[in-house]
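Secondary and tertiary structure notes
Okay, here's what each chain looks like letter by letter:
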Amino acid sequence: ELIFKVQNAPRTVARFEEFREAVKARAAAGLAEGNDGEENARCIADGNEVMRFHCLGFAEDGVPYDGGGCAWSFPEKKGAAICTFSGSGGAHETAGGRRAMLVCRVVAGRVSKQLGFLDSLLDKRVGFDSVSGDNGALLVFDSRAVLPCFLIIYRL
């Protein structure tokens, strides 16, 4: 139905870029300490930045929201995660009713590849910026790592 380009505030863009630079610096420091250079190559180059989809719901007034009741907010509390998907199909499956999703730039950083995606999640994420899961899902643990670019509103 509609596609909107998200106009992020300069502060939001700056926080995103600062987070990406911090991920790159951690990866470069890990390489200097002798850690696997192949794993860190993408992190050193661009923070392992990828384009991802994040599903939104709709409030009663028709305004898209993230499930927490606020438009355009991502969880900022410690231990909270933002679930993004590699394709629109995975994000679509998590939506209900009228559909909306964000296309976002995401700094994935060091990704933990988990078989038991949600089992002991907090224990297993030490040293990682995100955790991969089933159906192309990626949980990102810092709201600064996600920068919305486009809002897509659609019907089936």
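Digging into the overall build of the chain
Looking only at helices and strands, the chain features four helices and nine strands. Going from N to C terminus, the chain has its helices and strands arranged as β-α-α-β-β-β-α-β-β-α-β-β-β. Per-residue burial over the chain gives 38% buried out of 156 residues. Summarising the internal contacts of the chain: among those between residues at least 6 apart in sequence, 68% fall at separations of at least 24. Here the chain has roughly 8800 Å² of accessible surface; of this, 53% comes from carbon and sulfur atoms.

A short note on the pairing of strand 5 (residues 99-107)
In terms of residue burial, strand 5 counts as a mostly covered element, since eight of its nine residues are buried. As judged from the eight bridges shared by strand 5 and strand 9 (residues 146-154), these two strands associate in the antiparallel manner. The residue of strand 9 that forms the bridge with Ala-100 is Ile-153.

Some points on the environment of Glu-21
With respect to the helices, strands and loops of the structure, Glu-21 is situated in helix 1 (residues 10-32). Relative accessible area serves as the criterion here: at 39%, Glu-21 is assigned to the partly exposed category. A C-alpha to C-alpha distance of 9.5 Å links Glu-21 and Cys-43, two positions 22 residues apart in sequence.

Observations concerning the nonpolar core
Among the nonpolar cores identified, the biggest contains 21 residues, and Leu-102, Val-106, Val-107, Val-140, Val-146 and Leu-151 are the most heavily contacted of them. At the level of secondary structure, the elements contributing two or more residues to this core comprise helix 1, strand 5, strand 8 (137-140) and strand 9. A per-element tally of this core places strand 5 first, with five residues. Phe-53, Phe-85, Met-101 and Val-103 belong to the second largest nonpolar core, which has eight residues in total.

Section: the side chain of Arg-20
Relative to the helices and strands, Arg-20 resides in helix 1. Not counting the four nearest positions on each side in its chain, Arg-20 is found in contact with Asp-46, Gly-47, Glu-49, Arg-105 and Val-107.

Some thoughts on the pattern of salt bridges
Tallied over the full model, the rule gives six salt bridges. Between Asp-129 and Arg-26 there is a salt bridge, with its nearest N and O atoms 2.5 Å apart. Of this pair, Asp-129 sits in the loop between helix 4 (121-124) and strand 7 (130-132) while Arg-26 sits in helix 1, placing them 103 residues apart in sequence. Residue classification places Arg-26 among the partly exposed positions, given a relative accessible area of 45%. One salt bridge connects Arg-42 with Asp-46, and the closest N-O pair in it is separated by 3.6 Å.

Points about unusual backbone geometry
For Asn-48, which is not glycine, the phi torsion reads 60° and is therefore positive. Residue placement: Asn-48 occurs in the loop between helix 2 (37-46) and strand 2 (49-58).

Here's the deal with the environment of Asn-135
Inspection of the secondary structure puts Asn-135 in the loop between strand 7 and strand 8. Sequence-wise, Asn-135 and Phe-85 are 50 residues apart; in three dimensions their C-alpha atoms are separated by 7.7 Å.

Side note on the confidence of the model for the chain
For the chain, the average pLDDT comes to 77, and 66% of its residues sit at 70 or higher. Highest mean pLDDT in the chain belongs to strand 1 (residues 2-5) (92); lowest belongs to helix 4 (50). For residues 67-72, every residue scores under 50 in pLDDT, and the model assigns this stretch eight contacts once sequence neighbours within four places are set aside.

Definitions and cut-offs
- Residues numbered from 1 in each chain as written.
- Predicted model: local features only at pLDDT ≥ 70, side-chain atom pairs only at ≥ 80, totals over all residues.
- Heavy atoms only, no water.
- Helix = DSSP H or I, 4+ residues; strand = E, 2+ residues; numbered from the N terminus.
- Buried < 20%, exposed > 50% of the residue type's maximum accessible area, 1.4 Å probe, protein only.
- Contact = heavy atoms within 4.5 Å.
- Areas by Shrake-Rupley, 256 points an atom, 1.4 Å probe, with all protein chains shown as cover.
- Pairing = 2+ DSSP bridges.
- Core = buried A, V, L, I, M, F, W, Y, C linked by side-chain atoms within 4.5 Å.
- Salt bridge = Lys/Arg side-chain N within 4 Å of Asp/Glu carboxyl O.
- pLDDT = per-residue confidence, 0-100.

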